[in-house]
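This is what each chain is made of:
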Amino acid sequence: MPLVPRYLRTPVILLVAGACALLALCGGLAPASAEAGCKYSRKNPDDIRGKEARQAISCLVNKKRNEHGRGDYSNDGRLASAADNHSEVMARKSCFSHQCSGEPSLAQRIRNSGYLSGARSWSYGENIAHGSGGNGEPYSIVKSWMNSSAHRAAILSGTFKEMGVGYEDRGKHGYYTVDFGFRRG
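Everything quoted here is computed from the prediction, not taken from an experiment.

**Student:** Sorry if this is basic, but what is going on with the overall build of the chain here?
**Tutor:** A tally of helices and strands in the chain yields 6 helices and 4 strands. Of the regular secondary structure in the chain, the N- to C-terminal order runs α-α-β-α-α-β-α-α-β-β. Across the chain, every contact between residues at least 6 apart in sequence was considered, and the portion connecting residues at least 24 apart equals 69%. As presented, the chain carries roughly 10,200 Å² of accessible surface, and 54% of it is formed by carbon and sulfur atoms.

What follows is the structure in structure tokens.
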């Protein structure tokens with residue numbers, strides 16, 4: 001490291017401090033929030049489309065994983081299909097459950113999706129949620145999951161490697177499903 005004469009040190013420190021203050025005033029150093037970089041995370045069911053809701057949930061779940069030193073889940077289309085079908089059933093039947101009347105069990109839905117085909121071993125799990133207004137925003141959904149030990153465990157799991165996100169709305173009410181999985185061929 002080169003030696004800087006004492007008379008030059010103070011102006012450099014003041015210049016750096018001034019630049020930091022200017023950035024803070026202009027919003028350049030705004031505190032990072034959980035939804036930062038996750039488009040659509042603050043949209044309620046009145047204002048969000050299915051693709052946007054799925055994208056926001058996926059982004060927020062992976063942000064939480066990264067905040068806790070876990071890698072991203074990769075998105076799996078088969079799990080997404082199972083999750084989306086379940087969200088649609090919950091919305092259509094106004095049912096909030098891991099298995100609505102007349103619907104296959106979670107195990108059968110995952111099997112029906114083709115996710116387990118050819119796998120020697122596997123594991124899977126599911127988080128569901130619903131809400132309206134601000135409580136139905138993807139940000140609020142993931143926040144509530146993180147405040148529940150069982151849902152948090154699925155999000156931060158070291159076992160699961162993939163996820164699929166489902167979303168359906170009915171009027172002002174959004175229904176969310178995330179199916180998590182791991183398979184070894």
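Now that the structure has been shown, we can carry on.
**Student:** Just to check I follow, could you spell out the state of the cysteines for this structure?
**Tutor:** In protein structure, a disulfide is the covalent linkage between the sulfur atoms of two cysteines. With the rule as written, the count across this model stands at 2 disulfides. In this model Cys38 forms its disulfide with Cys59; the gap between the sulfur atoms is 2.0 Å. Handedness here is read from the sign of the S-S torsion; for Cys38 and Cys59, about -80°, the answer is left-handed. Of this pair, Cys38 sits in the loop between α1 (6-25) and α2 (50-67) while Cys59 sits in helix α2; the two residues are 21 residues apart in sequence, bridging distant segments of the chain. Here Cys95 engages in a disulfide with Cys100; their sulfurs sit 2.3 Å apart. Its S-S torsion of about -100° marks the bond between Cys95 and Cys100 as left-handed, since a negative value means left-handed. The pair Cys95 / Cys100 is uniform in exposure class, with both members buried.

**Student:** Can you walk me through the environment of Gly71 in this structure?
**Tutor:** Residue position: Gly71 is located in the loop between α2 and β1 (74-75). On the basis of relative accessible area, Gly71 is assigned to the partly exposed category, the value being 41%. Separated by 85 residues in sequence, Gly71 and Leu156 have C-alpha atoms that sit 9.3 Å apart. If we ignore the near neighbours within four places in the chain, the residues touching Gly71 are Arg65 and Asn66.

**Student:** Would you mind showing me how to read helix α5 (residues 138-146) here?
**Tutor:** Owing to its 3.6 residues per turn, the α-helix brings residues three or four apart onto one side. For α5, a buried count of 7 out of 9 residues is recorded, marking the element as mostly surrounded by other parts of the structure. Within α5 the residues assigned to the buried category are Pro138, Tyr139, Ser140, Ile141, Val142, Trp145 and Met146. Elements in contact with the buried residues of α5: α2, β2 (121-132), α6 (149-155) and β4 (173-184).

**Student:** Honestly, the pattern of salt bridges in this entry has me stumped. Any pointers?
**Tutor:** Any two side chains of opposite charge can pair, given that their charged atoms come close. Scanning the model with the defined rule gives 10 salt bridges in all. The residue Arg170 makes a salt bridge to Glu168 at a minimum N-O spacing of 2.8 Å. A relative accessible area of 37% means that Arg170 is categorised as partly exposed. Among the charged side chains, a salt-bridge network with shared partners connects Glu88, Arg92, Glu168 and Arg170.

**Student:** Help me understand the packing of α2 against α5, please; the structure alone is not making it clear to me.
**Tutor:** A pair of packed helices is captured by two measures, namely the crossing angle of their axes and the spacing between those axes. Direction vectors running N to C along α2 and α5 enclose 40°, while the axes themselves pass 9 Å from each other. Between α2 and α5, the angle falls in the class oblique. For the crossing formed where α2 meets α5, the hand is right-handed. Contact residues: Ala53, Ala56, Ile57, Leu60, Val61 and Lys64 in α2; Pro138, Tyr139, Ile141, Val142, Trp145 and Met146 in α5.

**Student:** Sorry, what's going on with the side chain of Asp76 here?
**Tutor:** The residue Asp76 is located in the loop between β1 and α3 (77-93) in this model. Looking at Asp76, its side chain comes within polar contact range of the main-chain nitrogen of Leu79, at 3.0 Å. Dropping the residues within four chain positions of it, Asp76 is found in contact with Tyr115, Glu162, Met163 and Gly164.

Criteria and thresholds
Residues take numbers from 1 onward in each chain, read along the sequence in its written order. Only residues with pLDDT of at least 70 are given local features in this predicted model, and only at 80 or more are side-chain atom pairs given and counted; all residues enter the totals for whole chains, interfaces and linings. In computing side-chain properties, one takes all heavy atoms of the structure into account and sets aside hydrogens as well as water. We count a stretch as a helix when DSSP gives it H or I for four or more residues in a row; a strand needs E for two or more, and each element gets its number in order from the N terminus. Every residue pair with non-hydrogen atoms within 4.5 Å of one another is taken to be in contact. Residue burial considers only the protein chains on display, and all accessible areas are found by Shrake-Rupley using a 1.4 Å probe. Any pair of cysteine sulfurs within 2.5 Å is marked as a disulfide. Each residue gets one of three labels from its accessible area relative to the maximum for its type: buried under 20%, exposed over 50%, partly exposed in between, using a 1.4 Å probe on protein chains only. A side-chain nitrogen of Lys or Arg and a carboxyl oxygen of Asp or Glu constitute a salt bridge if their distance falls within 4 Å. Comment: axis = line fitted to C-alpha atoms, over the contacting stretch for helices; angle = value between 0 and 180 degrees taken between N-to-C directions. Any angle between 65 and 115 degrees counts as roughly perpendicular, while under 35 counts as roughly parallel, over 145 as roughly antiparallel, and the rest as oblique. Two helices cross in a left-handed way if the nearer one is turned anticlockwise from the farther one by less than a right angle. They cross in a right-handed way if the turn is clockwise. Here a polar contact is recorded for every N or O atom pair within 3.5 Å, except that within protein the pair must consist of a potential hydrogen donor and a potential acceptor, and residues adjacent in sequence are included only if both atoms are side-chain atoms.

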